[in-house]
Amino acid sequence: ALDRRTLEHSVRHFGLRSYFTDVLGTDPHETGNKLAIAKEWMAGQKIRPSEMVLIGDTSHDCETAAVLGCRCLLIARGFQDRNALASCEAPVFNTADELMKCLLPSPPQI
């Protein structure tokens, strides 16, 4: 897991922050893993796991999402490439733009 500060900076830098309720990452002063961080966060939410999306760049992210019961979307521009992610049971996107098009509603057809 990326540390929270770096992740927040990256999400803001690319203009994506407004699309997320929360952005989770590790605290550089504490030990912890993705699953524990996600479980703790989910315990305080008023939405079901089936209404959440975990966006990641590793097969471990896909495994974490499966344990949590939420949907997973993977981007092949991070820790693992498309070939490494191909065996995951989650959609794999080449770019953040492709991934965001999957998440955002389509404009109405005129």
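Here goes a summary of the coordinates provided. (Residues numbered from 1 in each chain as written. Predicted model: local features only at pLDDT ≥ 70, side-chain atom pairs only at ≥ 80, totals over all residues. Heavy atoms only, no water.)

### Re the sheet that holds strand β2 (residues 71-75)
Spatially, three strands are ordered β1-β2-β3 in an open sheet, and the strand pairing comes out parallel. The sheet is open, and its two edges are formed by β1 (53-56) and β3 (92-93), each paired on a single side. When β1 meets β2, the two strands line up parallel, connected through four bridges. Paired with leucine 54 across the bridge in β2 is cysteine 72. Sheet contacts for helix α3 (residues 59-68): β1 and β2; angle to β2, the most-contacted strand, approximately 170°. Packing against the sheet, helix α5 (residues 96-103) makes contact with β1, β2 and β3, and its axis sits at approximately 155° to β2. (Pairing = 2+ DSSP bridges. Helix = DSSP H or I, 4+ residues; strand = E, 2+ residues; numbered from the N terminus. Contact = heavy atoms within 4.5 Å. Axes fitted to C-alpha atoms, helices over the stretch in contact; angles between N-to-C directions.)

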